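# Inside the fold
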Amino acid sequence: MYLKSLYAKNFRNFKTLKLDLEPGINLILGDNGVGKTNLVEIVYFLSTFGSFRTPNDDDLVRFGESYFIISGMYGDVKVEVRYADKKKVLVNKVKQERLSNAFSTIPVIALTSSDLEIVDGAPVRRRRFMNIGISMYKRPYIDILSLYSRALKQRNSLLKHATTGKEISGIEIWEKQLAMNASPIVTARKDYINRLLHYAVPVFYSLTGQDIEIAYKEGADYENLMEQFKQMRKKEIERGYTLYGPHRDDIIFKTKGHSAKVSASFGIKRLITIALRIAQARMLTQIRGEEPILILDEMIGELDKEKLELLSDLLMDYEQVLIATTREDLQERGDYNIYRIEERDGAPFIRKGAETIHSI
Ligand SMILES: Nc1ncnc2c1ncn2[C@@H]1O[C@H](COP(=O)(O)OP(=O)(O)OP(=O)(O)O)[C@@H](O)[C@H]1O
Ligand SMILES: [Mg+2]
């Protein structure tokens with residue numbers, strides 16, 4: 001299935017947008033700052049109910065407005081998000097009480113420049129990569145994560161206000177909750193990394209001729225988490241937060257036997273990121289039995305000719321790919337659907353092929 005159409009009102013620089021999309025490769029071209037990323041951000045938001053650029057939904061509301069509405073037709077399924085202070089998600093016009101139930105109804109894998117942080121950034125970025133990846137095929141995971149986060153917040157608050165040597169009343173309740181939910185989180189993540197490795201190794205090899213290792217790094221001794229809490233209480237009170245648990249886990253990427261974060265070149269880090277996203281897409285196709293929509297926001301612009309060729313071959317497998325780029329020369333590579341965004345009088349215009357689709 002593919003995304004047939006998009007609608008947006010007051011989303012970023014779009015006042016109103018109605019756009020038909022096609023299967024195959026859709027090239028979204030335009031100068032810097034015209035709204036290419038904004039357009040693919042709509043598609044990503046319809047899948048994950050969050051942006052890849054900001055944790056703050058208010059940033060997505062067009063300046064001077066108080067709400068946005070976006071929707072997309074994925075086959076016969078309509079997903080709509082309405083935002084005004086709160087987020088409301090509707091699938092085929094039915095309001096979703098739990099966002100987790102509708103997560104990834106439109107399966108989307110996005111490769112964006114902020115993804116370089118998966119290799120280069122803080123551990124939280126890698127945990128988010130896993131959390132979103134798992135949630136795309138295991139929705140209960142989202143609920144377990146939020147139970148864990150709630151208990152963590154409560155325990156941290158108790159630790160912050162505690163005095164060393166004194167009983168902390170009520171802390172065991174939260175410790176039990178943490179221990180109970182840590183185990184399915186860690187199991188799901190390890191399983192995820194093992195599966196991902198299976199897909200990432202051949203993709204990375206085909207792009208670079210090199211091997212990659214991906215390992216899960218545990219942030220605690222999960223056999224005895226309760227015991228560990230007891231033993232480390234003093235240290236945790238000093239710090240004022242929980243030092244052990246899946247909120248401290250990490251992923252280690254290695255190339256040539258060394259940590260990629262520390263030793264790999266910038267180009268290799270970029271190719272690891274690309275390989276991870278392609279691997280995620282392949283894995284999701286296998287598990288869900290449907291191909292995700294692939295989004296590439298820039299990222300490919302700086303690849304050399306040979307790598308671009310290799311990546312183009314990998315993209316051919318997918319029913320629908322959206323590529324946002326300033327690189328005009330990409331359109332010469334094949335029979336792509338071209339969307340051109342231009343700015344006129346401060347507002348974006350979109351041309352699809354030769355026709356003007358959208359004007360304000
Ligand atoms: N909430 C908002 N309301 C109105 N306009 C916004 C909002 N947020 C961002 N913009 C505008 O969107 C434009 C940037 O759009 P976008 O990031 O999609 O550009 P782009 O085409 O991807 O550019 P680049 O090639 O540099 O990546 C800027 O002009 C910015 O002012
Ligand atoms: Mg952009």
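What comes next is a walk through the structure. (Residues numbered from 1 in each chain as written. Chains lettered and ligands numbered in written order. Predicted model: local features only at pLDDT ≥ 70, side-chain atom pairs only at ≥ 80, totals over all residues. Heavy atoms only, no water.)

### A short note on the packing of helix α6 (residues 171-208) against helix α10 (residues 266-288)
For the pair α6 and α10, the least separation of the axes is 8 Å and the interaxial angle reads 125 degrees. Judged on the interaxial angle alone, α10 and α6 are oblique. When you trace α6 past α10, the crossing you get is right-handed. Residue composition of the contact of α6 with α10, by class: 17 nonpolar, three polar and two charged. (Axes fitted to C-alpha atoms, helices over the stretch in contact; angles between N-to-C directions. Helix = DSSP H or I, 4+ residues; strand = E, 2+ residues; numbered from the N terminus. Parallel < 35°, antiparallel > 145°, perpendicular 65-115°, else oblique. Left-handed = near helix turned anticlockwise from the far one by under 90°. Nonpolar A, V, L, I, M, F, W, Y, C, P; charged D, E, K, R; others polar.)

### Let's talk about the site of ligand 1
Taken together, 16 residues are adjacent to ligand 1, and Gly33, Lys36, Thr37, Asn38 and Val61 come closest. Taking Asn32, its side chain carries an N or O atom lying 2.9 Å from an oxygen atom of ligand 1. Between an oxygen atom of ligand 1 and a main-chain N or O atom of Gly33, the distance comes to 2.7 Å. Protein contacts shield 74% of the accessible area of ligand 1, which totals 650 Å² for the unbound molecule. Split by residue class, the shell around ligand 1 holds three nonpolar, seven polar and six charged. (Near = heavy atom within 4 Å. Polar contact = N/O pair within 3.5 Å; in protein donor to acceptor, adjacent residues only side chain to side chain. Areas by Shrake-Rupley, 256 points an atom, 1.4 Å probe, with all protein chains shown as cover.)

### Some points on unusual backbone geometry
Of note in this structure, Asp85 is not a glycine but carries a positive phi near 65 degrees. Looking at the element boundaries, Asp85 is found in the loop between β5 (77-84) and β6 (86-91). Asp85 gets classed as exposed once you look at its relative accessible area, which sits at 71%. With a phi angle near 50 degrees, Asp345 is a residue other than glycine that sits in the positive phi range. Within the fold, Asp345 resides in the loop between β14 (337-344) and β15 (347-352). (Buried < 20%, exposed > 50% of the residue type's maximum accessible area, 1.4 Å probe, protein only.)

### Description of the pairing of strand β9 (residues 212-217)
Only one face of β9 is covered, namely the one carrying Ile212, Ile214 and Tyr216; the face carrying Glu213, Ala215 and Lys217 has none of its residues buried. In this structure, β9 lies alongside strand β10 (residues 250-255), joined through six bridges in antiparallel fashion. Residue pairing in the sheet places Ile214 in a bridge with Phe253 of β10. (Pairing = 2+ DSSP bridges.)

### Examining the pattern of salt bridges
In total, this model carries 26 salt bridges according to the counting rule given. Residue Glu97 pairs with Lys95 through a salt bridge whose shortest N-O separation is 3.8 Å. A salt bridge links Arg195 to Asp191, with the nearest nitrogen and oxygen atoms 3.1 Å apart. Highlighted residues: Arg195 and Asp191, both in helix α6, separated by four residues, approximately one helical turn. For Arg195, a relative accessible area of 34% corresponds to the partly exposed category. Look at the salt bridges and you will find they share partners, linking Asp115, Glu117, Arg125 and Arg277 into a network. (Salt bridge = Lys/Arg side-chain N within 4 Å of Asp/Glu carboxyl O.)

### Some remarks on the packing of aromatic side chains
Under the counting rule described, the total for this entry stands at five aromatic pairs. Between Tyr44 and Phe52, the ring centres sit 5.3 Å apart and the planes meet at 75 degrees, which makes this aromatic pair edge-to-face. Phe52 matches Tyr44 in its accessibility class, with the two residues each being buried. Here Arg155 stacks its cationic end above the ring of Phe229, 4.1 Å away from the centre of that ring. Taking the ring centre of Phe349 as reference, the NZ or CZ of Arg344 above it sits at 4.1 Å. (Phe/Tyr/Trp six-rings, centres within 6.5 Å; stacked < 30°, edge-to-face > 60°. Lys NZ or Arg CZ within 6 Å of the ring centre and 35° of its normal.)

### Digging into the sheet that holds β9
Taken in spatial order, the three strands of this open sheet run β9-β10-β11, and their pairing is antiparallel. Strand pairing shows two members of the sheet lacking a second neighbour, β9 and β11 (258-259), which therefore form its edges. The pairing of β10 with β11 spans two bridges and is classified as antiparallel. Paired with Thr255 across the bridge in β11 is His258. Its contacts with the sheet place α6 against β9 and β10, and it is angled at close to 175 degrees to β9. In the packing of α10 onto the sheet, the strands contacted are β9 and β10, and the crossing angle to β10 comes to about 120 degrees. (Contact = heavy atoms within 4.5 Å.)

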